[in-house]
Structure formats: structure tokens, C-alpha cells
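Spelled out, the chains give:
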Amino acid sequence: MTSVRQRPKSRCGPAGRPPTVGPMADRLDHPLGVAVIGPGFMGRLHARAARLHGARLIGVAGSTASRAQAAGRELGTAGFADPVALATHDDVDVVHICTPNDTHVPLATAALAAGKHVICEKPLATGAAEATALAEQARAAGLVGAVPFVYRFYPMVREARERIAAGALGRPHLIHGGYLQDWLLGSEDTNWRVDEARGGRSRAFADIGCHWCDLVEFVSGDRIAALAAQVHVAIPERRGVAVTTEDIALISFRTEAGAVGSAVISQVSAGHKNRLHFEVAGAGAALGFDQEAPDHLRLSDRDATHLLTRDPDRLTPAAARYSRLPPGHPQGYEDCLVAFVGDTYAAVRGAAVDGLPDFEHAARAVRLTEAVLASAAGGGAWVDVARTPQAA
Ligand SMILES: NC(=O)c1ccc[n+]([C@@H]2O[C@H](COP(=O)([O-])OP(=O)(O)OC[C@H]3O[C@@H](n4cnc5c(N)ncnc54)[C@H](O)[C@@H]3O)[C@@H](O)[C@H]2O)c1
């Protein structure tokens with residue numbers, strides 16, 4: 001075991017949340033009943049993760065009744081024509097919202113109002129005021145609202161967080177990296193995310209930049225205080241339709257603790273499929289992570305660079321907890337989602353879970369998105385995140 005000391009019980013997650021009371025409380029010693037709304041890429045992963053944790057899939061709902069029926073047959077559950085009827089169904093304890101971004105607020109609002117715990121995909125909302133209101137609704141109701149910032153659940157991410165908290169780098173002075181994809185590189189490539197009415201005014205930043213910011217804030221324990229951003233539409237027309245949402249976002253930032261940093265966010269970078277990477281550097285050392293090689297962490301000082309390998313016997317307890325396979329047997333993205341769902345269900349049952357990304361973190365990500373858009377609209381001017389004009 002390393003000599004790194006264990007992080008004290010964290011500020012993150014719903015620790016301190018009052019135990020669930022009211023109509024849900026007497027049912028939580030049973031297998032959780034769950035609903036999945038939006039059985040696309042993420043919805044199918046959520047359904048599988050829910051079942052791995054022993055939940056009962058009460059039903060799925062899609063954009064049309066026939067799609068819901070087809071998904072229900074494929075997933076071996078009921079297909080609901082009406083997503084709200086499923087979200088508020090008596091047998092449902094937890095609603096997983098995996099639909100396009102513009103539907104998150106009405107669905108999450110209805111589910112919380114019906115006393116359901118909610119896992120809602122990011123971005124929680126396309127506006128900060130709505131995201132903040134949802135966080136407040138969940139808090140006031142004593143319900144869990146969780147958002148899948150799943151990259152937090154890599155064991156080596158937890159290891160980086162523990163080591164930084166233990167002072168392994170000295171005081172961090174530089175945080176940098178990026179999130180690069182190439183799936184929207186061609187002018188024939190499109191998706192509902194490109195359409196501002198469905199995805200929101202920001203695309204690259206709201207879709208993937210929010211993951212990067214959440215991850216580096218989580219790992220460093222620091223927060224972005226002010227940022228300056230540029231956004232760029234590299235492909236002005238897709239399939240003949242004018243594009244208004246950015247393909248690329250660049251940010252420079254200052255943190256609350258006095259570090260500086262930058263990130264390049266792009267969905268049009270050839271050769272990069274899902275390259276979320278960061279480095280946190282201090283006077284003593286630097287730690288680097290790349291989610292395309294997530295079983296490793298690069299630890300450098302001036303003399304040498306070490307490649308730390310995921311080996312539960314050698315990790316801090318907080319990281320070993322997420323290491324489910326023996327070393328050398330790669331863990332990946334889906335393992336992160338499974339771990340996230342497991343932690344969310346533990347929180348639903350009343351446990352204090354360290355590092356669970358909740359609706360407050362989700363609302364912060366939307367505020368950062370608004371700060372990026374405000375800065376870019378002002379020609380790249382510095383924007384104080386707490387004072388972003390549209391932030392609630
Ligand atoms: N956390 C992550 O790592 C991660 C990764 C990918 C996507 N996401 C998020 O997950 C959400 C879904 O993305 P995806 O890639 O799975 O999209 P997708 O297009 O693959 O799936 C969307 C699903 O929602 C259904 N749908 C559309 N409108 C609906 C409505 N009004 N009611 C019910 N169902 C409806 C569609 O039929 C489809 O099944 C998005 O918010 C996205 O940002 C998160």
C-alpha cells in the first residue's frame with residue numbers, strides 16, 4: 001500500500017442529506033424499481049447497470065409509442081408510450097433520464113414532484129436557472145438527484161484526487177488538457193446535439209467540456225473562478241442545414257486557489273475518439289490522466305516520470321474501491337457508469353457516498369457553460385463564473 005493518507009470524508013455527494021422519509025422510505029429495503037426514459041446509447045447502458053445492481057426495470061419510454069414498445073421487447077420490460085406516466089409510476093423508485101437535453105427539465109421536474117429519486121444525464125438543463133431550480137427541488141424534497149459525470153469513477157482518477165489532496169504535487173499551479181472527439185468531423189455528420197433547440201445553445205462545451213471541468217475540479221479540489229473563452233463553428237453547414245452550435249471551445253481560466261489553466265474542447269479533431277485528458281502540476285510534481293488509457297496515471301517530477309498502474313493492492317483505499325478487476329484486465333467507461341449507478345443507489349438507500357456527482361455539480365456545469373458563452377459573446381472577455389449574467 002502506498003503511504004498516501006486517506007482523504008477525510010468528503011464535501012462531495014449527498015453526505016449529510018437527511019435519510020429518505022415519506023412514501024418512499026418503507027420500500028427501500030426491496031429491489032429498487034427503476035424507469036429508463038430514452039433507450040438510446042446511454043439509456044441501454046443505464047438499463048444494464050441498473051440490473052447489475054439488482055434493480056427491477058419497470059419500463060422504458062422513448063420518443064414514440066412504437067419505439068418504446070420495440071425497446072421494451074429488446075430489454076425485456078414494458079414499453080411506455082408516455083414518459084411521464086412511467087416516471088411517476090407507483091412501482092418506480094428511481095428514474096433514469098437519458099433523453100436529448102431539451103427534455104431533461106420537464107421530465108426531472110415531474111419525477112421529483114412525484115417523490116422519485118432521479119438520475120439525469122448531463123447537461124441537467126440547457127439553462128443555469130432551470131438547473132439550479134432542479135437542484136433546489138431535489139434538495140428540498142430530500143431526494144437524490146445524480147448526474148453521470150462518470151469519468152470520476154475511474155480508479156486512477158480517484159487515485160489522482162487522493163494524492164493531490166495529500167499534497168503529492170505541492171500546491172497546484174497549472175491545470176490543463178482537453179476533450180477531443182472526431183465523430184462530427186464531416187459535413188454529413190449530424191445529430192440532435194447539433195440542433196440548438198434540442199441540445200442547447202452550446203454543443204461541444206455543454207456536451208463534453210462540462211465533463212472536463214467537472215473532472216478537473218473534482219480531482220484538484222479547486223474550482224474555476226473566472227474564464228475567458230472562444231467558440232468556433234468549424235463546419236458551418238451539416239447536410240445543408242446551417243449550424244449555430246460550436247464545434248470547438250477553448251478556455252483559459254483562473255481558479256479559486258490561484259492556479260491557472262486551459263482546455264481545448266473539440267468534436268472535430270481527427271483521430272481522437274474520446275480523448276479526455278488532463279494534467280495537474282504543482283511545484284513538486286505533475287499528475288496526468290488520459291481516459292483512452294484509463295488504467296494508468298502519469299506521475300512526473302524533474303528527475304523521472306512514473307506510470308502508475310491500476311493495482312488494487314497498491315492504490316489508496318478510495319481508488320481501490322473502484323478497482324473491480326485484477327490488474328492487467330482493463331476497466332473502461334461502462335465500469336464507470338456501473339459504479340456511478342451503484343453509488344447512486346447506495347445514496348438512495350441513505351448511505352453517505354463520497355464523490356457522487358449530484359444536481360449541484362450538474363448545475364455548476366451549466367453555469368460554467370453559460371460563462372463560456374458569455375465570454376465568447378464578449379469577444380473572449382474574462383467572465384467571473386459566479387457573476388455570469390444568466391446564472392441564477
Ligand atoms: N454521461 C455521459 O458520459 C454521456 C454520454 C453520452 C450521452 N450522454 C447524455 O445522454 C443523453 C442521451 O444521449 P444519447 O447519446 O444516449 O442519445 P441517443 O440519441 O442515442 O438516445 C436518445 C434516446 O432518447 C429518445 N427520446 C428522444 N426524445 C424523447 C422524448 N421526448 N421522450 C422519451 N424519449 C425520447 C430517443 O428515441 C432515443 O432512444 C444526452 O443528454 C447526452 O448528453 C451522457
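Once a new chain begins, its residue numbering starts again from 1 and follows that chain's sequence as written. pLDDT decides what is reported in this predicted model: residues at 70 or higher carry local features, side-chain atom pairs at 80 or more are listed and counted, and totals for whole chains, interfaces and linings draw on all residues regardless. Derived side-chain values reflect all non-hydrogen atoms in the structure, with water molecules and hydrogen atoms excluded from consideration.

S.K.: Would you take a moment to explain the packing of aromatic side chains for this structure?
M.R.: Where two aromatic rings form a pair, the distance of their centres and the angle of their planes describe that pair. Here a Phe, Tyr or Trp ring, Trp counted by its six-membered ring, pairs with any other such ring whose centre lies within 6.5 Å, and the pair is stacked when the planes are under 30 degrees apart, edge-to-face when over 60, and tilted otherwise. Taken as a whole and judged by the stated rule, the model has eight aromatic pairs. Geometrically, the ring pair formed by F153 and Y322 is edge-to-face, given 5.6 Å between the ring centres and 80 degrees between the ring planes. In this pair, F153 is assigned in the loop between β6 (145-146) and α6 (155-165) and Y322 in the loop between α9 (317-320) and α10 (333-348), connecting sequence segments 169 residues apart. Burial classes: relative accessible area under 20% of the type maximum marks a residue as buried, over 50% as exposed, and values in between as partly exposed (1.4 Å probe, protein chains only). Taking the relative accessible area as the measure of exposure, Y322 reaches 5% and is therefore buried. Lysine NZ or arginine CZ positioned within 6 Å of the ring centre and within 35 degrees of the ring normal marks a charge as sitting over the ring. When the ring centre of W382 is taken as origin, the NZ or CZ atom of R254, which lies over that ring, is 4.3 Å away. Helix numbers and strand numbers start at the N terminus; a helix is a DSSP run of H or I with at least 4 residues, a strand a run of E with at least 2.

S.K.: Mind showing me how you'd approach the confidence of the model for the protein here?
M.R.: With 92% of its residues at a pLDDT of 70 or more, the protein shows a mean pLDDT of 93. Counted against residues more than four places away or in other chains, residues 1-26, with its pLDDT under 50, gives 57 contacts. On a range of 0 to 100, pLDDT expresses the predictor's confidence in each residue. Contact criterion: two residues are considered in contact whenever any of their non-hydrogen atoms come within 4.5 Å of each other.

S.K.: Explanation requested: the site of the ligand in the structure shown.
M.R.: Residues are counted as near a molecule or strand when any one of their heavy atoms sits within 4 Å of it. With respect to spatial proximity, 27 residues lie near the ligand, and among them M42, N101, E121, K122 and Y333 are the closest. Between the ligand and H104 there is a distance of 3.2 Å, counted from an oxygen atom to a side-chain nitrogen or oxygen. Mapped by element, the contributors of at least two residues to the shell around the ligand are α1 (41-52) and α8 (204-220). Partitioned by chemical class, the residues of the shell around the ligand number twelve nonpolar, nine polar and six charged. Any pair of nitrogen or oxygen atoms within 3.5 Å is treated as a polar contact; in protein, a donor-acceptor pairing is required on top of that, and neighbouring residues in sequence qualify only through side-chain atoms on both sides. Each residue is assigned to one of three groups, with Ala, Val, Leu, Ile, Met, Phe, Trp, Tyr, Cys and Pro labelled nonpolar, Asp, Glu, Lys and Arg labelled charged, and all others, Gly among them, labelled polar.

S.K.: I tried to follow the pattern of salt bridges on my own but got confused; where do I start?
M.R.: Opposite charge on two side chains permits them to pair, given that their charged atoms come into close proximity. Salt-bridge detection follows one rule: a side-chain nitrogen of Lys or Arg within 4 Å of a carboxyl oxygen of Asp or Glu. Evaluation of the coordinates by the stated rule reveals 19 salt bridges. Measuring nitrogen to oxygen at the nearest pair gives 3.0 Å for the salt bridge that ties K273 to D182. Taken together, the residues span a long stretch of sequence, with K273 in the loop between β12 (260-266) and β13 (275-282) and D182 in the loop between β7 (172-180) and α7 (196-199) at a distance of 91 residues. By relative accessible area, which is 57% here, K273 ends up exposed. Taking relative accessible area as the criterion, D182 reaches 13% and is therefore assigned buried. The residue D207 makes a salt bridge to R193 at a minimum N-O spacing of 3.1 Å.

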